[in-house]
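# Observations on chain architecture
One-letter residues, chain by chain:
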Amino acid sequence: MRTLILYPSDYFNIRKPDPDYEYEYREAVRFPDLMAVFYNYDEFAVTGRLKFYPVDLKPGPCIYRGWMLKPDQYGYLYDTLLEQDVRLVNSPEEYRLCHEFPNVYPYIKGSTPRMTVFRQDEPVDWQEIRKQYGRFLIKDYVKSVKGSDFPAYFDASYTDQQLDGYLERFKNLRGSLFDGGIVIKEYVDLAKVQGRTNEYRAFILDGNVLSVTANSNQDASRPRVPMSLVRQFTGLNSHFYTVDFAELEDGSWTIIETGDGQVSGLSPNQLVFPFYEGIANRG
């Protein structure tokens, strides 16, 4: 039975992949055991209506490769496909596990910076945060904000009023992408050479390491994340997910993020053919 690979479609033509996923699509369809299908991501994100091409999907397993979806959107996509006997590789519960960091935290605690979670409607206790953390960053359940002048971290020099202001600014910057609630996360010093960190992204599929690739455009001479460390995290309760590792200033390694494997991007310069070869051979 062939595995379906579901891509977001081109905005103007549901018969074609979104241009940002065309390079993956071209490699995937080289494998006889993989079949590409498309859905109207842009319309779905705005209206909630789903369309597929081809319309009549062949029953079987399916892996989504596309843009992030909020858990309720993913659940609807999962249920809609299931009505046609098409089963996404991850259930909605599995998707939520690695997509929303507070859910996976208990599984990786001790190998990732400490964190404190506040529900969306819950005020942040800055006094308590200052007691727990020397430096900390603000993010939601999924992402922080990058590419702006938003501070990389905060410390005890900020007043409650200032921090509340930055909290509102964070929510505004995330906008409709804001997910879950607020996560206050311990800030750690990553090793850097010429301003670049040393990060690796591991894709885990069915408990096996699918790929481990450099994820920060670092120099090839930098140390690689130990495979013995990567293998410690191949047993999370999800069929397909990513774990991002980074080298600390003292030469040790930490987990900085996890993600659902279906919505995690490939690393810069990652070879696409071997990635899909591993999917085609998953058995």
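Residues numbered from 1 in each chain as written. Predicted model: local features only at pLDDT ≥ 70, side-chain atom pairs only at ≥ 80, totals over all residues. Heavy atoms only, no water.

For the rest of this paragraph, the subject is unusual backbone geometry. A cis amide bond links Tyr 53 with the next residue in sequence, Pro 54, at an omega value of 0 degrees. Mapped onto the elements, Pro 54 comes out in the loop between β3 (52-53) and β4 (60-64). Phi at Asn 217 is positive, roughly 55 degrees, even though this residue is not glycine. Its identity is not glycine, yet Asn 269 carries a phi of approximately 65 degrees, on the positive side. Within the secondary structure layout, Asn 269 lies in the loop between β15 (253-260) and α9 (272-280). Judged by relative accessible area, which is 73%, Asn 269 ranks as exposed. (Helix = DSSP H or I, 4+ residues; strand = E, 2+ residues; numbered from the N terminus. Buried < 20%, exposed > 50% of the residue type's maximum accessible area, 1.4 Å probe, protein only.)

Here we come to the packing of helix α4 (residues 92-99) against helix α5 (residues 101-108). Running from N to C, α4 and α5 point in directions that differ by 75 degrees, and their axes come no closer than 5 Å. By the angle class used here, α4 and α5 are roughly perpendicular. Taken together, the residues of α5 that come into contact with α4 (itself represented by Arg 96, Leu 97, Cys 98 and His 99) are Phe 101, Asn 103, Val 104 and Tyr 107. Of the residues in the contact of α4 with α5, the class split is five nonpolar, two polar and one charged. (Axes fitted to C-alpha atoms, helices over the stretch in contact; angles between N-to-C directions. Parallel < 35°, antiparallel > 145°, perpendicular 65-115°, else oblique. Contact = heavy atoms within 4.5 Å. Nonpolar A, V, L, I, M, F, W, Y, C, P; charged D, E, K, R; others polar.)

One open sheet holds the five strands; their spatial order is β3-β2-β1-β4-β5, and the pairing between them is mixed. Two strands lie at the open edges of the sheet, namely β3 and β5 (86-88), each paired on one side alone. Direction of pairing for strand β2 (residues 34-39) relative to β3: antiparallel, over a ladder of two bridges. By the bridge assignment for β3, Tyr 39 is matched with Phe 52. Across the face of the sheet, helix α3 (residues 71-82) comes into contact with β1 (3-8), β3 and β5 while running at roughly 150 degrees to β5. (Pairing = 2+ DSSP bridges.)

One finds Val 225, Val 230, Phe 233 and Phe 245 to be the most contacted residues of the largest nonpolar core, which totals 24 residues. At the level of elements, α4, α5, β12 (199-205), α8 (227-231), β14 (240-247) and β15 are the ones that each hand at least two residues to this core. Sequence-distant contacts of Val 230, that is, excluding residues within four places in its chain, are made with Ala 202, Ile 204, Val 209, Val 212, Val 225 and Phe 245. (Core = buried A, V, L, I, M, F, W, Y, C linked by side-chain atoms within 4.5 Å.)

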